[in-house]
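Commentary on secondary and tertiary structure
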Amino acid sequence: MESDPHADQTVPEASAPDEAVHAPSARWALARVLGMSLVYWQAITAAVLLGFVLAGSRYLRAWLFQPLLDEIAVPASAGEVDFEMVAPLLSEIGLLAGLTLVASPIAVLGRGYFANWISAQVRRDVDVAVAHRFLNAPLRVYREGSSGDLLARSMNDAYFACTAVVLVFKDVLLQLQMLVMGLALMIYTSWQLSLLTVVAVP
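Attention in this report is confined to the structure presented alongside it. (Residues numbered from 1 in each chain as written. Predicted model: local features only at pLDDT ≥ 70, side-chain atom pairs only at ≥ 80, totals over all residues. Heavy atoms only, no water.)

**Regarding the overall build of the protein chain**
- Within the protein chain, the secondary structure is distributed over seven helices and zero strands.
- Walking the protein chain from its N terminus toward its C terminus, one meets helices and strands in the order α-α-α-α-α-α-α.
- Per-residue burial for the protein chain yields a buried fraction of 29% across its 202 residues.
- Look at the contacts in the protein chain between residues 6 or more apart in sequence, and 83% of them connect residues 24 or more apart.
- Carbon and sulfur atoms form 68% of the exposed surface of the protein chain, whose accessible area is close to 12800 Å². (Helix = DSSP H or I, 4+ residues; strand = E, 2+ residues; numbered from the N terminus. Buried < 20%, exposed > 50% of the residue type's maximum accessible area, 1.4 Å probe, protein only. Contact = heavy atoms within 4.5 Å. Areas by Shrake-Rupley, 256 points an atom, 1.4 Å probe, with all protein chains shown as cover.)

Below is the structure:
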């Protein structure tokens, strides 16, 4: 999982005061930092897989309510349930629910670990690249402005960029996976109702 991308990884060059108008946009800088994280594709793959496990376990628990209500709760309210007949169904529901309760915390812990690990590696790469830029910058950069302010701004931007990396891998990616799994479950349950929902909801 470890690699040494420092040789070919770069970050947006710290702009001198007279070059502020050419500073890259926040979207471009975020895309650049996310591109740096692709070096750690093994950890990204693990985070994605654990995200699907988490999303699937959440929707599976919700889906288990359907047979629980249709086959057990509703007939029981009418006094027509045969507990010997529904015992195997209860066992299956309990087993699947137990598996989701075990899988969800593991997936949450694993996703958080890999997201923070990726962010830490990217932050290290950014710091090294920024330091390389400063060490190789021409002297006029330091003579024309305050080098301390320039360094502080660069480190501050690097911090927020790496924080955005954590946000992407911990929250944004999970929400996309929840959306994909939700649509898949809707289509599996009833594609006609799913199509009606997509058309009717503005």
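**Some details on the side chain of Ser-57**
- Assignment of secondary structure puts Ser-57 in helix H2 (residues 41–63).
- Residue classification places Ser-57 among the buried positions, given a relative accessible area of 6%.
- Beyond its immediate sequence surroundings of up to four residues, Ser-57 is in contact with Thr-100 and Ser-104.

**Examining a nonpolar patch on the surface**
- A cluster of nonpolar side chains, contributed by Ile-187, Trp-191, Leu-195 and Val-199, occupies part of the molecular surface with about 460 Å² of accessible area.
- With three residues, helix H7 (residues 191–200) is the largest single contributor of residues to the nonpolar patch.
- Within the secondary structure, Val-199 is located in helix H7.
- On the accessibility criterion, Val-199 (63% relative accessible area) is exposed. (Patch = residues over 30% accessible without salt bridge, like charges linked within 9 Å, V, L, I, M, F, W, Y side chains within 5 Å. Salt bridge = Lys/Arg side-chain N within 4 Å of Asp/Glu carboxyl O.)

**What about H2?**
- The end-to-end C-alpha distance of H2, which contains 23 residues, comes to 32 Å, matching closely the 33 Å that a straight helix rising 1.5 Å per residue would cover.
- Buried within H2 we find Ala-43, Ile-44, Ala-46, Ala-47, Gly-51, Leu-54, Ala-55 and Ser-57. (Expected span 1.5 Å × (residues − 1).)

**Overview of the packing of aromatic side chains**
- By the definition in use, this model includes two aromatic pairs.
- Here Tyr-40 and Trp-117 contribute two aromatic rings whose centre-to-centre distance is 5.4 Å and whose plane-to-plane angle is 90°, an arrangement assigned as edge-to-face. Highlighted residues: Tyr-40 in the loop between helix H1 (26–37) and H2 and Trp-117 in helix H4 (residues 83–135), separated in sequence by 77 residues. Of the two residues, Tyr-40 and Trp-117, neither departs from the other in class, the shared state being buried. (Phe/Tyr/Trp six-rings, centres within 6.5 Å; stacked < 30°, edge-to-face > 60°.)

**Notes on the nonpolar core**
- By size, the foremost hydrophobic cluster in this structure holds 22 residues, and its most contacted members are Ile-118, Val-122, Val-126 and Phe-169.
- Broken down by secondary-structure element, the contributors of at least two residues to this core are H1, H2, H4 and helix H6 (147–189).
- Those residues in contact with Val-122 that sit more than four places away from it in its chain are Val-33, Ser-37, Tyr-40 and Cys-162. (Core = buried A, V, L, I, M, F, W, Y, C linked by side-chain atoms within 4.5 Å.)

**Describing the pattern of salt bridges**
- Inspection of every chain in the model, using the stated rule, returns two salt bridges.
- With a shortest N-O distance of 3.0 Å, Asp-127 and Arg-123 are connected by a salt bridge. Of this pair, Asp-127 and Arg-123 both sit in helix H4, separated by four residues, roughly a single helical turn.
- Assessed through its relative accessible area of 26%, Asp-127 is described here as partly exposed.
- For Arg-123, a relative accessible area of 23% translates into the label partly exposed.

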